[in-house]
Amino acid sequence: MLTRKVSRVALIGSGFVGSSYAYALLNQGIVNELVIIDVNKDKAEGDAMDLSHGLPFTSPMKIWAGDYSDCKDADLVVITAGANQLPGETRLDLIEKNVRIFNKIVTSIMESGFQGIFVVASNPVDVLTYATWKISGLPHEKVIGSGTLLDTARFRYLLSRAFEVDSRSVHAYIMGEHGDTELPVWSQASIGGKTITECLKQGVGPNKEELDQIFINVRDAAYHIIEKKGATYYGIGMSLARLTKAILYNQNSILTISTLLQGEFGLHDTYLGVPAVVNRSGVREVVEITLNEEEKAKLKHSADVLKQALSTISFT
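As recorded by an unreviewed UniProt entry, the chain carries the name L-lactate dehydrogenase and is attributed to Brevibacillus laterosporus LMG 15441. The UniProt entry for the chain carries the following text under Sequence similarities (unreviewed entry): "Belongs to the LDH/MDH superfamily. LDH family." Regarding the chain, the UniProt comment filed under Catalytic activity (unreviewed entry) reads as follows: "(S)-lactate + NAD(+) = pyruvate + NADH + H(+)".

Shown next as structure tokens:
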């Protein structure tokens with residue numbers, strides 16, 4: 001059942017990603033109130049003004065530049081703030097810089113009395129979502145990372161192009177770290193109900209080498225985009241809007257978000273991109289799909305890399 005009420009999103013960070021997300025919210029009429037909070041107050045105010053001027057063309061929405069006190073009554077706080085990934089830099093290279101930033105941000109949000117749901121998009125997203133959970137003290141189901149949501153969308157798009165079908169008819173997941181150790185779940189991938197494995201056996205669509213290249217293009221997409229235009233933001237902005245809608249409209253959607261694993265897939269105490277049911281309470285449950293042995297090993301490796309990264313930092 002879809003439910004909708006007066007809803008407020010507090011956006012922390014009005015850079016490329018944050019402003020793209022805000023624009024997607026406005027175009028889709030997803031929320032009633034959007035408060036933009038940024039260390040650069042002028043930028044937040046400019047974005048609020050610019051977005052508000054488009055209101056005659058979409059649904060009614062209150063948009064303003066605010067401060068952390070506005071988080072108190074927010075249903076959702078979406079964090080896109082942090083240091084940007086530079087050309088040649090991995091997402092994990094950003095850990096130390098962004099954990100320091102997050103300590104200040106999350107503490108300030110919680111001091112407002114916020115009791116809603118966190119959505120984290122800043123990189124490295126899995127580590128920073130774990131940090132947000134630890135710093136906030138909120139239940140883990142109310143702290144969600146964008147995870148491999150965008151990677152999965154990239155995967156489905158490239159597969160749709162290879163098989164010449166609508167990307168919405170492709171069902172396939174990218175799991176693990178949103179980064180270099182992510183993995184494609186080929187064993188469960190399908191096109192309109194026909195598995196990729198069946199297609200390979202029948203000689204339909206791309207061959208194995210071409211499929212492997214599709215995954216490489218998915219995994220390395222951010223590097224290529226950053227090299228060409230300096231940053232990625234439209235795709236993640238749309239991904240965050242989709243996640244916001246799933247939460248606020250209580251849709252029980254299955255999305256590949258970053259959430260805490262507590263024994264699922266044999267993994268513990270780590271945030272990782274996995275399929276999960278998302279609704280008004282946050283993460284309802286992890287969908288523990290069947291993986292083959294190779295996929296299990298790759299997922300464990302991804303978790304191990306993230307755990308090693310987590311062991312080097314403090315969340316206080």
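After that view, the rundown keeps rolling.
(A) Highlighting the packing of aromatic side chains. Enumeration according to the criterion identifies seven aromatic pairs in this entry. Considering the side-chain rings of Phe 155 and Trp 186, the 5.1 Å spacing of their centres and the 70° angle between planes classify their relative orientation as edge-to-face. Taken together, the residues span a long stretch of sequence, with Phe 155 in helix H5 (residues 149-163) and Trp 186 in the loop between strand E9 (183-184) and strand E10 (190-191) at a distance of 31 residues. In terms of burial, Phe 155 and Trp 186 fall into one category: buried. On the basis of an interplanar angle of 70° and a centroid distance of 4.8 Å, the ring pair of Tyr 233 and Tyr 234 is categorised as edge-to-face. Here Tyr 233 falls in the buried class, since its relative accessible area comes to 14%. One aromatic cluster is present, built from ring pairs that chain together Phe 16, Tyr 233 and Tyr 234. Above the ring of Trp 64, the side-chain terminus of Lys 62 is found at 4.6 Å from the ring centroid.

(B) Quick peek at the UniProt feature "active site" (unreviewed entry) in the chain. Mapped onto the present numbering, the UniProt feature "active site" (unreviewed entry) falls at His 178. With respect to the helices and strands, His 178 occurs in the loop between strand E8 (174-175) and E9. The exposure class assigned to His 178 is buried, which follows from its relative accessible area of 9%.

Criteria and cut-off values
Residues numbered from 1 in each chain as written. Predicted model: local features only at pLDDT ≥ 70, side-chain atom pairs only at ≥ 80, totals over all residues. Heavy atoms only, no water. UniProt positions renumbered as here; feature names shortened; annotations may be inferred. Phe/Tyr/Trp six-rings, centres within 6.5 Å; stacked < 30°, edge-to-face > 60°. Helix = DSSP H or I, 4+ residues; strand = E, 2+ residues; numbered from the N terminus. Buried < 20%, exposed > 50% of the residue type's maximum accessible area, 1.4 Å probe, protein only. Lys NZ or Arg CZ within 6 Å of the ring centre and 35° of its normal.

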